[in-house]
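# What the coordinates show
Here is what each chain is made of, one letter per residue.
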Amino acid sequence: EAGVTQFPSHSVIEKGQTVTLRCDPISGHDNLYWYRRVMGKEIKFLLHFVKESKQDESGMPNNRFLAERTGGTYSTLKVQPAELEDSGVYFCASSQVTTGELFFGEGSRLTVL
Amino acid sequence: QKEVEQDPGPLSVPEGAIVSLNCTYSNSAFQYFMWYRQYSRKGPELLMYTYSSGNKEDGRFTAQVDKSSKYISLFIRDSQPSDSATYLCAMSATGGGNKLTFGTGTQLKVEL
């Protein structure tokens, strides 16, 4: 069974550009999470989807970040316009139930120049 | 002050050594405690999961939680070179589900 897959694995963009990260959760997992790790800091929660609904988006840093999960399958995280401080590794994770084991993808590394 | 404090290391030990990794936390609402292992350029993978205080053992790994001291530990016995990775503690509050608060991670290297 395929794990959580993320695309792209690495993206390098200029400040002010737009980037869209994609996450495909494990099939059948209704719960999808986005986390982020910026350089030298801990991994931090961004938001949680249950199916296509945003359950908790308290960790989203500002309105330059937009997450969607149309149809309750894959999710996208768009950063527009990107700023230097957005550089980091964006992890997607999924779980079958809200308190079930969380499975992480390998992350999408974003570099904003 | 961070909610979860974890020494980043790096920690270098010889093969076969017992490794002790620790985290302290400040939020008394945390009830669920996890240890994740992360290899370079990979995502974190769950190693141990503990609810409230107490010990849990799984093979060479033992997790301990002391809620009175707000202190959690992970012990690795008979450490192997394949244990070389970054170990992340994570925790969540009741009702928080998988909204996890992570430590910064401790980088461990087990040398031959």
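What you see is a predicted model; the values in this text were computed from it and never measured. Throughout this document, residue positions are counted from 1 along each chain, in the order its sequence is written. Note on labels: chains are lettered from A, ligands numbered from 1, in written order. Since the coordinates come from a predicted model, pLDDT governs what is reported: local features require at least 70, and pairs of side-chain atoms require 80 or more to be given and counted, while whole-chain, interface and lining totals use all residues. Hydrogens and water are ignored here; the side-chain numbers use all heavy atoms of the structure.

Turning to the packing of aromatic side chains, a few remarks are in order. In summary, the pairing rule links any two rings of Phe, Tyr or Trp, Trp by its six-membered ring, whose centres are within 6.5 Å, and it sorts them by plane angle into stacked for under 30 degrees, edge-to-face for over 60 and tilted for everything else. The final tally for this structure, using the stated rule, is 13 aromatic pairs over all chains. Arranged with centres 5.6 Å apart and planes meeting at 85 degrees, the rings of F104 of chain A and Y36 of chain B form a pair that is edge-to-face. Linking F104 of chain A in strand 10 (residues 103-104) with Y36 of chain B in strand 4 (residues 30-38), this pair reaches from one chain into another. Here the two residues F104 of chain A and Y36 of chain B agree in accessibility, since each one is buried. By the ring-pair criterion, three or more aromatic residues cluster together here, those being Y33, Y35, F45, F91 and F104 of chain A together with Y36 and F102 of chain B. Helix numbering and strand numbering both begin at the N terminus, where a helix is a DSSP run of H or I of at least 4 residues and a strand a DSSP run of E of at least 2. The rule is simple: take the accessible area with a 1.4 Å probe, protein chains only, and divide by the maximum for that residue type; under 20% is buried, over 50% is exposed, in between is partly exposed.

So, about the state of the cysteines. All names here are of chain A. For the purposes of this analysis, a disulfide is any pair of cysteine sulfur atoms at a distance within 2.5 Å. A full pass over the atoms with the stated rule returns two disulfides over all chains. The side chain of C23 participates in a disulfide bridge whose partner is C92; the two sulfur atoms lie 1.8 Å from each other. Here the disulfide of C23 and C92 is left-handed, its torsion about the S-S bond being about -65 degrees. You can see C23 sitting in strand 3 (residues 19-24) and its partner C92 sitting in strand 9 (residues 88-95), a full 69 residues away along the chain.

Moving on, we come to the interface of chain A and chain B. Residue contacts are defined here by distance: any two heavy atoms, one from each residue, within 4.5 Å place the two residues in contact. Between chain A and chain B, the contact holds 21 residues from the first and 17 residues from the second. Of the roughly 1600 Å² buried between chain A and chain B, counting both surfaces, carbon and sulfur atoms make up 52%. A side-chain nitrogen of Lys or Arg and a carboxyl oxygen of Asp or Glu constitute a salt bridge if their distance falls within 4 Å. Counting every contact that joins chain A to chain B gives three salt bridges. Across the pair K99 of chain B and D56 of chain A runs a salt bridge, and its minimum N-O distance is 3.3 Å. Nitrogen and oxygen atoms within 3.5 Å of one another constitute a polar contact, given that in protein one can donate a hydrogen and the other can accept it, and given that sequence-neighbouring residues count only through two side-chain atoms. Counting the contacts that link chain A with chain B gives eight residue pairs in polar contact (both at pLDDT 80 or more). Broken down by secondary-structure element, the contributors of at least two residues to the side of chain A that touches chain B are strand 4 (31-37), strand 5 (43-50) and strand 9 of chain A. Examining the composition of the side of chain A that touches chain B, we find that three residues originate from one element, strand 4 of chain A, more than from any other. Across the side of chain A that touches chain B, the residue classes tally to eight nonpolar, six polar and seven charged. Buried area is calculated as the accessible area (1.4 Å probe) missing from two parts once they are joined, with the contributions of both summed. Asp, Glu, Lys and Arg are counted as charged, while Ala, Val, Leu, Ile, Met, Phe, Trp, Tyr, Cys and Pro are counted as nonpolar; the rest, among them Gly, fall into the polar class.

Quick look at empty space enclosed by the protein now. In this analysis, the protein atoms alone were mapped onto a 1 Å grid. Cavities are point sets where a 1.4 Å probe fits without being able to get out; pockets are open sets with protein on both sides within 12 Å along at least five of seven lines; lining residues have an atom within 4 Å of a point. Grid points are joined across faces, edges and corners, and a volume is the space filled by probe spheres set on the points. Inspection of the entire model under this criterion finds two cavities of 30 Å³ or more. Approximately 50 Å³ is the volume found for the largest cavity. Lining the largest cavity we find T99 of chain A together with Y32, M34, Y49, S92, A93, G97 and N98 of chain B. Secondary-structure elements contributing two or more residues to the lining of the largest cavity are strand 4 and strand 9 (85-93) of chain B. Across the lining of the largest cavity, the residue classes break down as four nonpolar, four polar and no charged. One number sums up the size of the second largest cavity: a volume of about 30 Å³. Lining the second largest cavity, in full, are T99, G100, E101 and L102 of chain A together with M34, Y36, L46, Y49 and N98 of chain B. For the lining of the second largest cavity, the elements supplying multiple residues, two or more each, are strand 4 and strand 5 (45-51) of chain B.

Residue and element names in this part refer to chain A. A pair of strands is labelled paired if DSSP reports no fewer than 2 bridges between them. Strands sit in the order 1-3-8-7 across an open sheet of four strands; the sheet is antiparallel. Two strands close off the open sheet at either side, each with one partner strand: strand 1 (5-7) and strand 7 (65-68). The mean inter-strand angle of the sheet, taken between neighbouring strand axes irrespective of direction, is 15 degrees. Of the pairings in the sheet, the one linking strand 3 to strand 8 (residues 75-79) comprises five bridges and is antiparallel in character. By the bridge assignment for strand 8, V19 is matched with V79. Axes here mean lines fitted to C-alpha atoms, for a helix over just the part in contact, with angles spanning 0 to 180 degrees between N-to-C directions.

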